[in-house]
Structures are given as C-alpha cells and as structure tokens.
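# Structure assessment
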Amino acid sequence: QVQLVESGGGLVQAGGSLRLSCAASGFTFSNYAMSWYRQAPGKERELVATITGAAGRPNYADSVKGRFTISRDNAKNSVYLQMNSLKPEDTAVYYCHARWILSSSTYYWGKGTLVTVSS
C-alpha cells in the first residue's frame, strides 16, 4: 500500500537547521510531484515547497525562499527539505505530499513530523 513516512523533525533554536526526509513506497515515485506542507497551531495547512517529478524543478512559498531547499532522489524514493535559518514562525507539523503528475485528484499524505523552533 501507499506510504509516505516523514522523519527529521525536532526541537531547534532560532537560526538553526533541520533536514526533513520523506520515504515513499507503494507507487511510482518519479511520476509524482512531491511537496512539503506545514500546519501551525490554529492555522490552515500551507504549501511550503514543491518539486516536479522527472525534472526536479522546485518552487517555494515566499516565506521560505532562500532558507529552505527541497530535493528528491528518485532512486531512493525519497524527498527532502533542508531548512536553514529557522525562525519561531516555522514551528509547525510538516507533511509530505505526493500528487500524480497526470491528475491532481490522485494524491497522498504522510502523517507529519513536528518541527519546533525556539526563540
């Protein structure tokens, strides 16, 4: 069955770095655009970054541009989010998301990993 398993979350001080990983299984990874979303307490889930399937082109939310880098390894069925210069407002549960490149109605979510940035 389809699985997206996030890891790498934790507690970090402002200005620090974390690297999130998402291991995918149960589908043809290279045929899916991969994204990271986040949801802070009391707020709606928001898109952080997306990377396309084969070409691996990234896009970022304005709030993380220049600080976060999304990447993928199709040989390992994994997607990563390198987060640098973390701010307290980056505190959220981060979710991995997979969307089939041919249909936006086919998608999967991971269960999330918590990132807490202390001031």
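It should be noted that the structure appears before, not after, this text.
The text that follows walks through the structure, step by step, so that each part is easy to find. (Residues numbered from 1 in each chain as written. Predicted model: local features only at pLDDT ≥ 70, side-chain atom pairs only at ≥ 80, totals over all residues. Heavy atoms only, no water.)

### Regarding the packing of aromatic side chains
Evaluated as defined, the whole model comprises six aromatic pairs. Pairing phenylalanine 27 with phenylalanine 29 gives two aromatic rings, centres 6.4 Å apart and planes at 40°, and the pair type is tilted. Taken individually, phenylalanine 27 and phenylalanine 29 each receive the classification buried, so the pair is uniform in this respect. Joined through ring pairs, the aromatic side chains of Phe27, Phe29, Tyr32 and Tyr108 make up one cluster. Positioned above the aromatic ring of tyrosine 95, the side-chain terminus of arginine 45 is 3.7 Å from the ring centre. (Phe/Tyr/Trp six-rings, centres within 6.5 Å; stacked < 30°, edge-to-face > 60°. Buried < 20%, exposed > 50% of the residue type's maximum accessible area, 1.4 Å probe, protein only. Lys NZ or Arg CZ within 6 Å of the ring centre and 35° of its normal.)

### Brief notes about the environment of glycine 10
Position of glycine 10 relative to the elements: it lies in strand S2 (residues 10-13). On the basis of relative accessibility, which here comes to 24%, the residue glycine 10 falls in the partly exposed class. Sequence separation between glycine 10 and alanine 23 is 13 residues, and the spatial gap between their C-alpha atoms is 17 Å. (Helix = DSSP H or I, 4+ residues; strand = E, 2+ residues; numbered from the N terminus.)

### Considerations on the pattern of salt bridges
Under the definition given, this model contains four salt bridges. For glutamate 46, the salt bridge is made with arginine 38, and the minimal N-O distance between the two is 2.6 Å. For arginine 38, a relative accessible area of 6% puts it in the buried group. Between arginine 38 and aspartate 90 there is a salt bridge, and its shortest N-O distance comes to 2.9 Å. Of this pair, arginine 38 sits in strand S4 (residues 32-39) while aspartate 90 is found in the loop between strand S8 (78-83) and strand S9 (92-100), placing the two residues 52 residues apart along the sequence. Across the pair, aspartate 90 and arginine 38 agree in class, each one buried. (Salt bridge = Lys/Arg side-chain N within 4 Å of Asp/Glu carboxyl O.)

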